[in-house]
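# Architecture at a glance
Spelled out, the chains give:
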Amino acid sequence: TISNMKAVIANGPKDYKLIYDKPMPKIQDGQVLVKVVASGICSSDLKMYEGNEFYWGVDGRARRGIIPGHEFVGSVVDIDPSIARDQSISVGDIVVAEQFIPCRDQCWFCKNGMDYKCDKLIIYGEDVDGSMAEYMIYQKGSLVHKVPEDLSPTYAVLAEPVAFSVRAMDRAHLKTTDLIVISGCGTIGLGLVAAIETFYPDISMIVLDYFQFKLDLAKTISKKCTTFNLSDKTVSSIADIVRKMSGEQNGADVFFECAGTSESIKAGFEFLRKCGTFIHIGICKETYIDASWNIISAGKELTIIGCNLGRNAWPRAFEILKKCDLSSMITHRLPLEEYSNALDLISSRIKVVLDPTLPASKLLNESQSLLPIVNNNEKHLKIKDSVAFVTGSSRGIGRAIAIALAREGAKVIIHGTTHDSPSYLNEGTTMTTLAKHISTITNNTEITPVWGDLSTKEGVQSVLNHIKYPIDILICCAGGNIGSSGVNTASGGKPSHDTCLTISDSDTKSILNRNFWTTHLVCQSIVPQMIQNHRGHVIIIGSTSALLGREKGALYTVSKAAVHQYMRCLATQVQSSGREKGALYTVSKAAVHQYMRCLATQVQSSGIRVNCIAPGPTLTERYKRNIGTDQGVTGRPEHVANAVIQLLNMDFVHGQTIRVDGGEQTFTS
Ligand SMILES: [Zn+2]
Ligand SMILES: [Zn+2]
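Residues numbered from 1 in each chain as written. Chains lettered and ligands numbered in written order. Predicted model: local features only at pLDDT ≥ 70, side-chain atom pairs only at ≥ 80, totals over all residues. Heavy atoms only, no water.

Across its full length, the protein holds 20 helices and 24 strands. Reported as C-alpha extents along the three principal axes, the dimensions of the protein are approximately 100 × 65 × 45 Å. The contacts in the protein between residues at least 6 apart in sequence include a share of 68% that link residues at least 24 apart. As displayed, the protein offers around 31,800 Å² of accessible surface, 51% of which is attributable to carbon and sulfur atoms. The centroid of the 68 positive side-chain charges in the protein is displaced by 4 Å from the centroid of its 66 negative side-chain charges. (Helix = DSSP H or I, 4+ residues; strand = E, 2+ residues; numbered from the N terminus. Contact = heavy atoms within 4.5 Å. Areas by Shrake-Rupley, 256 points an atom, 1.4 Å probe, with all protein chains shown as cover. Lys, Arg positive; Asp, Glu negative; His and termini not counted. Charge placed at Lys NZ, Arg CZ, Asp CG, Glu CD.)

Below you can see the structure in the form of structure tokens.
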């Protein structure tokens, strides 16, 4: 039998770690031991991780050293026989437990039917170990439910949030004629849409969020709900529409606040009619919220109702899960090893589930085949419906790539440095017209133009602010042998004194910026998101000119050599979860090697020789200080010095890079 297990331990704010030697729990009186098959993550997990004082403040709920996780499904491994008998549960059954354990009969609240606010309330993942582990104990007194056999164990993890939504619905005492607004389409908000669709099919719902895919999902759960994207419309313009829809009563009957932001709370006060009902479910980051408080009394005489957890609602939650297909709410299923990635994902996705039975995976390559995303259309990267961002696609190669991607059915974001970039070489007029043109010739309506300078961080950010979807395909094409006067010159931007020894400083900087720096900034802004999403392909447009020495256009080929090496480093980094150190150093060295080849070409007939020596790891004092040990390095500074001497003595060797590394690398460059 196993004696240790994997578990995530919360030692404090932002201080979580995965350990492999947590002793396996054993059952005691009144307990059930389960193998965790799904552990849901919600935004309250993220708030706890980030250090919200509700959890870690003076009277905070969380205990240091606890295993987090309060939404879970487990398969029974061992059970106290009396519990097995009383609740007819046997080994192998799939069971859930409500996230809190009340004292049941000792405190005033339990005695008065409010056990969910029990004075001695114990909460999983805060007071007692939760579900981010291979096994967990359902404590004595837990409210355990068997998962109906026709629900898959992973899907059943939605019972916890959906039960919460059902209770919020109960608290509102809805009438079939009500007009309601749901603000925030996380799990609770979408669960509310499903609950109301199931139990009050005649009620009109208005649903708000910033993410279109969440609103689209609300639409699939309830076809008749009206959705508004808050990034397209202001709150007051939506409020106008809500008032018009409501007619004489001039506002919504009930507002469900599921976003937990001050904007959402203020919006609720604006949307509600006089004597309306405000149900507050969200947990705000801030402890204090500024809102116009008198609206509750003199203003509108509102009824304000708080709601937390899903007491007395689980059987109906299972009913909803059977009736509505909410499976696409589970956007990711990840192994325990990826708990921190899972926490990152929760703010932009819906339900992220940790499944401790999944094997740990390397990012990208392996994960695509083994895991992780439950949503079927996201399993493989297909060009069709993927979001492709092509930098430098106002003209030339980039434009041809954009057109080809559009033909394949991708959502293509085309980019130029300025709005009129397409006009510079008479290939078109503006980015907007180009988008329309591509749209027409490819019969693809999803072409979005963006423009801006990508050679500064702020520039990249302002371009990315116009892109609403996560990018799946990144084509780095912006670049070219274009000097500091830009592309609008007689030579199409080619610098006038274009060799290693004659090019101006400003042209050198411009070329390195356009080709290398831009590639670097764009990758830095987009690839981390791809890693999180387990989805993405980056293609960097390099140049064969970077592989051979050249006299003219030398600095351009140097910048392209840098880009090729940058691609290799990036490829190494995303291949595994580890970080490849020293990437930019190697990029600068790749540029230097190419610089040497160009210089060698330029001086070929002059009798001057130019070569490059590329040492492998060499044991210098600085190396020892950096690495802390010699790590078996056999290269010595003297080896390099000797190679320099030998090279100086060698006739007829020119434009070469010679490795001095004891044979560590034996392939050609
Ligand atoms: Zn939760
Ligand atoms: Zn109690």
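Additional details are given in the paragraphs that follow.
All right, on to the packing of aromatic side chains then. Under the criterion given, the structure shown has ten aromatic pairs. Seen from their ring centres, Phe-54 and Tyr-55 are 5.1 Å apart, and the 90 degrees between their planes marks the pair as edge-to-face. Given a relative accessible area of 3%, Tyr-55 falls into the buried group. Between Phe-72 and Tyr-138, the ring centres sit 5.4 Å apart and the planes meet at 40 degrees, which makes this aromatic pair tilted. Of the two residues, Phe-72 sits in strand 4 (residues 71–79) while Tyr-138 sits in strand 8 (residues 135–138), which places them 66 residues apart along the sequence. Accessibility classification places Phe-72 together with Tyr-138 in one group, the buried group. Linked through ring pairs, Phe-255, Phe-269, Phe-271 and Phe-278 together constitute an aromatic cluster. In this structure, Arg-167 packs its charged tip against the face of Tyr-116, placed 4.1 Å from the ring centre. Here Arg-349 stacks its cationic end above the ring of Phe-213, 5.6 Å away from the centre of that ring. (Phe/Tyr/Trp six-rings, centres within 6.5 Å; stacked < 30°, edge-to-face > 60°. Buried < 20%, exposed > 50% of the residue type's maximum accessible area, 1.4 Å probe, protein only. Lys NZ or Arg CZ within 6 Å of the ring centre and 35° of its normal.)

Note: interface size is frequently given as the accessible area lost on complex formation between the parts. Each assigned domain of the protein is listed with its residue range as follows: domain 1 (4–146 + 335–354), domain 2 (160–319), domain 3 (387–608) and domain 4 (611–669). One C-alpha centre belongs to domain 1, the other to domain 2; they are set 28 Å apart. Interface of domain 1 and domain 2: buried area, both sides summed, is about 1,900 Å²; carbon and sulfur atoms make up 60% of it. Together, Gln-99, Tyr-116 and Ile-350 form the three largest contributors to the area buried by domain 1 at its contact with domain 2, with a combined 29%. Inspection of the domain 1/domain 2 interface yields two salt bridges. (Domains from an automatic or database assignment. Buried area = accessible area lost by both parts, 1.4 Å probe. Salt bridge = Lys/Arg side-chain N within 4 Å of Asp/Glu carboxyl O.)

All right, on to the side chain of Ser-44 then. Within the secondary structure, Ser-44 sits in helix 1 (residues 43–50). Ignoring anything within four residues of it in the chain, the contact list for Ser-44 reads Tyr-55 and His-70.

Between the first and last C-alpha of helix 8 (residues 235–246) there are 16 Å, a value that for twelve residues agrees with the 16 Å anticipated at 1.5 Å per step. Every buried residue of helix 8 is accounted for by Ile-238, Ala-239, Val-242 and Ser-246. Angular distribution of buried residues about the axis of helix 8 spans 105 degrees; they occupy a single face of the element. Summarising the contacts, the buried residues of helix 8 are in contact with strand 10 (179–183), strand 11 (204–209), strand 12 (226–229), strand 13 (252–257) and helix 9 (262–271). Downstream of helix 8 by a residue or two, Gly-247 has a phi angle that is positive, lying close to 75 degrees. (Expected span 1.5 Å × (residues − 1). Arc of directions from axis to C-beta.)

Per the counting criterion, the structure on display carries 15 salt bridges. The closest approach of N and O atoms between Arg-61 and Glu-126, which form a salt bridge, is 3.5 Å. Taken as a pair, Arg-61 in the loop between helix 2 (53–56) and strand 4 and Glu-126 in the loop between strand 7 (122–123) and strand 8 lie far apart in primary sequence, 65 residues in all. The exposure class assigned to Arg-61 is partly exposed, which follows from its relative accessible area of 25%. By relative accessible area, Glu-126 is classed as buried at 7%. Connected via shared salt-bridge partners are Glu-98, Asp-115 and Arg-311.

Let's shift gears to the sheet that holds strand 15 (residues 303–306). Strand order in the open sheet formed by six strands is 12-11-10-13-14-15, with parallel pairing between adjacent strands. Both edges of this open sheet fall to strand 12 and strand 15, since each of them pairs with a single strand only. When strand polarity is set aside, the average angle formed by the axes of neighbouring strands in this sheet is 20 degrees. Here five bridges tie strand 13 to strand 14 (residues 272–280), and the two strands are oriented parallel to one another. The residue bridging Glu-257 from the neighbouring strand is His-280, located in strand 14. Helix 8 rests against strand 10, strand 11, strand 12 and strand 13 of the sheet, and its axis sits at about 160 degrees to strand 10. (Pairing = 2+ DSSP bridges. Axes fitted to C-alpha atoms, helices over the stretch in contact; angles between N-to-C directions.)

The subject of this paragraph is the coordination of the zinc ion (ligand 2). The coordination sphere of the zinc ion (ligand 2) contains the protein donors Cys-103 (SG), Cys-107 (SG), Cys-110 (SG) and Cys-118 (SG), at a distance range of 2.2 to 2.4 Å. Metal-centred angles of 105 to 115 degrees between the four donor atoms at the zinc ion (ligand 2) mark the site as tetrahedral. Within one chain, the residues donating to the zinc ion (ligand 2) are spaced in sequence as C-x3-C-x2-C-x7-C. Looking at Cys-110, the relative accessible area reads 9%, which means it is buried. (Donors = N, O, S within 2.8 Å, 3.2 Å for Na, K, Ca; no water. Tetrahedral: all angles 85-135°; square planar, octahedral: opposite > 155°, others 65-115°.)

Right, let's get into the UniProt feature "domain: Alcohol dehydrogenase-like C-terminal" (unreviewed entry) in the protein. Mapped onto the present numbering, the UniProt feature "domain: Alcohol dehydrogenase-like C-terminal" (unreviewed entry) falls on residues 206–322. Helix and strand shares over residues 206–322 are 35% and 23% respectively, and the end C-alpha atoms of the span are 24 Å apart. (UniProt positions renumbered as here; feature names shortened; annotations may be inferred.)

So, on to the UniProt feature "domain: Alcohol dehydrogenase-like N-terminal" (unreviewed entry) in the protein. Sites flagged by UniProt as "domain: Alcohol dehydrogenase-like N-terminal" (unreviewed entry) map to residues 29–148. For residues 29–148, the end-to-end C-alpha separation is 26 Å, with 18% helix and 28% strand making up the annotated structure.

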